[in-house]
Amino acid sequence: MQQGEIELQDFGPDHIEGAVALSRQENWPHRPQDWQMALQLSSGAVALDDQGRVTGTILVTPYGGDCAMINMVIVDRNARGKGLGRRLMEQAFALAGDRPLRLVATTDGMPLYRKLGFAPSGTILQHQGNVAKLGAPDEVEAASASDQPEIKAMDRDAYGADRQALIDALAERGQFAVIRRDGAIKAYAAIRPFGRGEVIGPVIADSAADAKVLISFFAASRPGAFLRVDTDSRTGLAGWLTEIGLAHVGGGVAMDRPARADAATVRPKVYALANQALG
């Protein structure tokens, strides 16, 4: 490789250290363990400079044949403006095959994504902070391993894609809680270590009231803990999250390619994402 040349390679475990350094440059909170989980669920590419340093990353997380999430798209500040972002996206398209694509765009990334055929479908709000002391709700219970098939079926119905691998990865690292009525699971949520603390999500429920109860279940056992919740602006949770100590600190624009006919309507049962990267 000639001096100044950038080479794309398959993203492997050996690249995680460099990817962590790159994400910290952007003030992203991802620990090596967070990158490892993303890579476990994904395939991807890294850009390496002539010294072998990671100067760009991209991951593609397939959810069966239904769709794929493009995530962890980062280009080193010193390598921007040279077409590297487009090269990484083209590699992602090849990895995704003919699946419909979803991503959460930063302001910097939106112009490129629009040129590549993505259209906005919602606004994602990131809330985080030291959670207030909350009372424990009565109608929530910790999920058991035997609940996993029902949780996976509910998740697919709500999200519109097969995320069994994601649910399994969350179960390896975190906890699930469910609301059960008439012997059936009506809502669920997950929590796992992430970044500076823990992230709550997905939260799948029939109503905002049930979503709040699930979030409260985890928060009640962690007064003062640093928690994060990523939610769509149309769920109606933002004001309440702020009230319980989780301030709105950022977010992004959900985008789809090709644009979905139902893009103007939030998926009605998805009250919180696994995080912005994983949907």
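Look up: the structure comes first, before these words.
Residues numbered from 1 in each chain as written. Predicted model: local features only at pLDDT ≥ 70, side-chain atom pairs only at ≥ 80, totals over all residues. Heavy atoms only, no water.

With that settled, consider the packing of helix α5 (residues 148-159) against helix α6 (residues 164-173). To describe two helices that pack against each other, one gives the angle between their axes and the distance between the axes. Two elements in contact, α5 and α6, have axes separated by 10 Å at closest approach and are oriented at 135°. Between α5 and α6, the angle is such that the two are oblique. Considering how the two elements wind past one another, α5 and α6 form a crossing that is right-handed. Judged by residue contacts, Q148, I151, K152 and D155 of α5 engage Q164, I167, D168 and A171 from α6. When its residues are assigned to classes, the contact of α5 with α6 shows three nonpolar, two polar and three charged. (Axes fitted to C-alpha atoms, helices over the stretch in contact; angles between N-to-C directions. Helix = DSSP H or I, 4+ residues; strand = E, 2+ residues; numbered from the N terminus. Parallel < 35°, antiparallel > 145°, perpendicular 65-115°, else oblique. Left-handed = near helix turned anticlockwise from the far one by under 90°. Contact = heavy atoms within 4.5 Å. Nonpolar A, V, L, I, M, F, W, Y, C, P; charged D, E, K, R; others polar.)

Right, let's talk about the pattern of salt bridges for a bit. If charged atoms from side chains of opposite charge come close, those side chains can pair. Scanning the entire structure with this criterion turns up 18 salt bridges. Put simply, K269 and D157 hold a salt bridge, and the shortest N to O gap is 3.6 Å. Taken as a pair, K269 in the loop between β12 (247-257) and β13 (270-272) and D157 in helix α5 lie far apart in primary sequence, 112 residues in all. Close ionic contact of R234 with D232 constitutes a salt bridge, the shortest N to O distance being 2.9 Å. (Salt bridge = Lys/Arg side-chain N within 4 Å of Asp/Glu carboxyl O.)

Here the focus is the pairing of strand β3 (residues 54-63). The element β3 is largely enclosed, with a buried count of nine among its 10 residues. Linkage of strand β2 (residues 43-48) to β3, two consecutive antiparallel strands, is achieved through a turn of five residues, within which G52 is found at a positive phi near 85°. Here β3 runs beside strand β4 (residues 67-75); their pairing, made up of seven bridges, is antiparallel. Within the sheet, the bridge partner assigned to L59 lies in β4 and is N71. Here β3 hands over to β4 after three residues, with G64 in that stretch at a positive phi of 55°. (Buried < 20%, exposed > 50% of the residue type's maximum accessible area, 1.4 Å probe, protein only. Pairing = 2+ DSSP bridges.)

This part covers helix α1 (residues 16-25). Of the positions making up α1, those classed as buried are I16, A19, V20, L22 and S23. With its buried residues spanning 165° around the axis, α1 presents them on a single face. Relative to its buried face, α1 has exposed residues pointing more than 90 degrees away, namely E17 and R24. Turning to α1, the residues buried within the fold contact α2 (32-40), β3 and β4. Trailing α1 by a residue or two, N27 shows a phi angle of about 65°, which is positive. (Arc of directions from axis to C-beta.)

To continue, consider unusual backbone geometry. Of note, the bond from G201 into P202 is cis; its omega dihedral lies within 30 degrees of zero at 5°. Along the chain, P202 turns up in strand β10 (residues 197-204). Cis geometry is found at the peptide bond from R257 to P258, where omega equals -5°. Within the element layout of this structure, P258 appears in the loop between β12 and β13. A positive phi angle, near 65°, is found at N27, a position not held by glycine. As for its position among the elements, N27 is in the loop between α1 and α2. Non-glycine residue D182 carries a positive phi angle of around 55°. Within the secondary structure, D182 sits in the loop between β8 (175-181) and β9 (184-194). With relative accessibility at 83%, the residue D182 sits in the exposed group.

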